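# Overview (structure and organization)
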Amino acid sequence: MKWTVALLSLFLFTGSTQAKVCTQEDAAAADLAVDGLNSWEAIQKNSVDYGQCDDGSIAEGNSEAVARMLVDKWPEIGKLETLISRDPSLQEYILKHVDSTLATDDLNRIIELSTKSCPEKNILLCNKLISAAKKSL
């Protein structure tokens, strides 16, 4: 009986921790999805649906989408914080995409907005954005 429970536990544990594999179909869909990443909700959905394909040109497109949201739609930072409160892994995803593939002007603008225009309730996120942007410069 102990062996059965141990084997079943091992099976359940390893089965639930395996990462999703990026199939060719997933990669094609992720590549197409990049053009529609014009809201924090779309970026969050994309991270869940195609996070396993977040590499190479797809990752660069995701980074550009994150930059466009931060730089061009900064007033929506509260929406991002709300989504992060529901899906904490989104914060890591966003910070990962504030990277060296972004234009220097965008990284500097993210630092400026996070420093000078951060709502007080979002200060922890803003500080993390500043750190990520400075690291990427």
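Since this is a predicted model, take the numbers as computed values, not measurements. (Residues numbered from 1 in each chain as written. Predicted model: local features only at pLDDT ≥ 70, side-chain atom pairs only at ≥ 80, totals over all residues. Heavy atoms only, no water.)

### A few points about the overall build of the chain
Definition in use: We count a stretch as a helix when DSSP gives it H or I for four or more residues in a row; a strand needs E for two or more, and each element gets its number in order from the N terminus. Remark: exposure states derive from per-residue accessible area (1.4 Å probe, protein chains only) relative to the maximum for the residue type, with buried under 20%, exposed over 50%, and partly exposed in between. Contact definition: two residues touch when any of their heavy atoms are within 4.5 Å. Note on areas: Shrake-Rupley with a 1.4 Å probe; residue coverage comes only from the protein chains shown.
Helix and strand counts for the chain come out as 8 helices and 0 strands. What you see in the chain, going N to C, is helices and strands ordered as α-α-α-α-α-α-α-α. For the chain, the proportion of its 137 residues judged to be buried stands at 39%. A separation of at least 24 residues holds for 76% of the contacts in the chain among residues at least 6 apart in sequence. When the accessible surface of the chain is summed, it comes to about 8,500 Å², and 57% of that surface belongs to carbon and sulfur atoms.

### Notes on the state of the cysteines
Definition in use: Note on terminology: disulfide denotes any pair of cysteine sulfur atoms within 2.5 Å.
Under the criterion given, the structure shown has 2 disulfides. Shown here is the disulfide that connects cysteine 22 with cysteine 53, its sulfur atoms set 2.0 Å apart. Across the S-S bond linking cysteine 22 and cysteine 53, the dihedral sits near 105 degrees, which makes this disulfide right-handed. Of the two residues, cysteine 22 is situated in the loop between helix H1 (2-17) and helix H2 (24-33) and cysteine 53 in the loop between helix H3 (40-50) and helix H4 (56-72); the sequence distance between them amounts to 31 residues. When its relative accessible area of 31% is taken as the criterion, cysteine 22 is described as partly exposed.

### Some points on the layout of surface pockets
So the rule is basically this: Site definitions follow a grid-based scheme: protein atoms alone, a 1 Å grid, a 1.4 Å probe that fits but cannot get out for cavities, and for pockets an open set with protein on both sides within 12 Å along at least five of seven lines, plus lining residues having an atom within 4 Å of a point. Grid points are joined across faces, edges and corners, and a volume is the space filled by probe spheres set on the points.
Taken as a whole, the largest pocket encloses approximately 160 Å³ of empty space. If you go around the largest pocket, the residues you meet are Ser47, Gly51, Asp54, Ser89, Leu90, Glu92, Tyr93 and Lys96. Broken down by element, the lining of the largest pocket gets its largest block of residues, 5 residues, from helix H6 (residues 89-96).

### Here's the deal with the packing of H6 against helix H8 (residues 123-136)
Counted only if it meets this: Lines fitted to C-alpha atoms define the axes here, with helix axes fitted over just the stretch in contact, and angles between the N-to-C directions of these axes take values from 0 to 180 degrees. Under this scheme an angle from 65 to 115 degrees is roughly perpendicular, one under 35 degrees roughly parallel, and one over 145 degrees roughly antiparallel; angles in between are oblique. Crossing handedness follows the turn of the near helix against the far one: under a right angle anticlockwise gives a left-handed crossing, and clockwise gives a right-handed one. Each residue is assigned to one class: nonpolar for Ala, Val, Leu, Ile, Met, Phe, Trp, Tyr, Cys and Pro, charged for Asp, Glu, Lys and Arg, and polar for all the others, Gly among them.
Remark: H6 packs on H8, axes separated minimally by 9 Å, with the N-to-C direction vectors making an angle of 30 degrees. When the axes of H6 and H8 are compared, the pair comes out roughly parallel. Pair H6 / H8 crosses with right-handed handedness. Where H6 approaches H8, its residues Gln91, Ile94 and Leu95 are matched on the opposing element by Leu125, Lys128, Leu129 and Ala132. Classifying every residue of the contact of H6 with H8 gives 5 nonpolar, 1 polar and 1 charged.

### Here's the deal with the side chain of aspartate 87
The line we're drawing: Within this scheme the basic residues Lys and Arg register as positive and the acidic residues Asp and Glu register as negative, but His and the chain ends are omitted. Salt bridges are counted wherever a side-chain nitrogen of Lys or Arg sits within 4 Å of a carboxyl oxygen of Asp or Glu. We call two N or O atoms a polar contact when they sit within 3.5 Å, provided that within protein one can donate a hydrogen and the other can accept it, with sequence-adjacent residues counted only if both atoms are side-chain atoms.
The residue aspartate 87 is located in the loop between helix H5 (77-86) and H6 in this model. An unpaired buried charge is present at aspartate 87: no salt bridge exists, and arginine 86, the closest side chain of opposite charge, is 9.7 Å distant. For aspartate 87, the side chain forms a polar contact with the side chain of serine 89, separated by 2.6 Å. Aside from chain neighbours lying at most four places away, what touches aspartate 87 is Gln44 and Val48.

### Considering the nonpolar core
Where we set the bar: Each nonpolar core is a collection of buried residues, namely Ala, Val, Leu, Ile, Met, Phe, Trp, Tyr and Cys, held together in the definition by side-chain atoms within 4.5 Å.
Ranked by internal contacts, the top residues of the largest apolar core, which has 30 residues, are Ile43, Leu70, Ile94, Val98 and Leu129. Those elements that provide at least two residues to this core are H3, H4, H5, H6, helix H7 (104-116) and H8. In this structure, isoleucine 43 is in contact with Leu37, Ala65, Val66, Met69, Tyr93 and Ile94, ignoring residues within four places of it in sequence.

### Considerations on the packing of H3 against H6
Where H3 meets H6, the closest approach of the two axes is 10 Å, and the angle between their N-to-C directions is 100 degrees. On the basis of their axis angle, the class for H3 and H6 is roughly perpendicular. Residues Trp40, Ile43, Gln44, Asn46 and Ser47 of H3 lie in contact with H6, whose contacting residues are Leu90, Tyr93 and Ile94.

It is worth stressing that arrangement in space is one thing and function is another; only the former is reported here.
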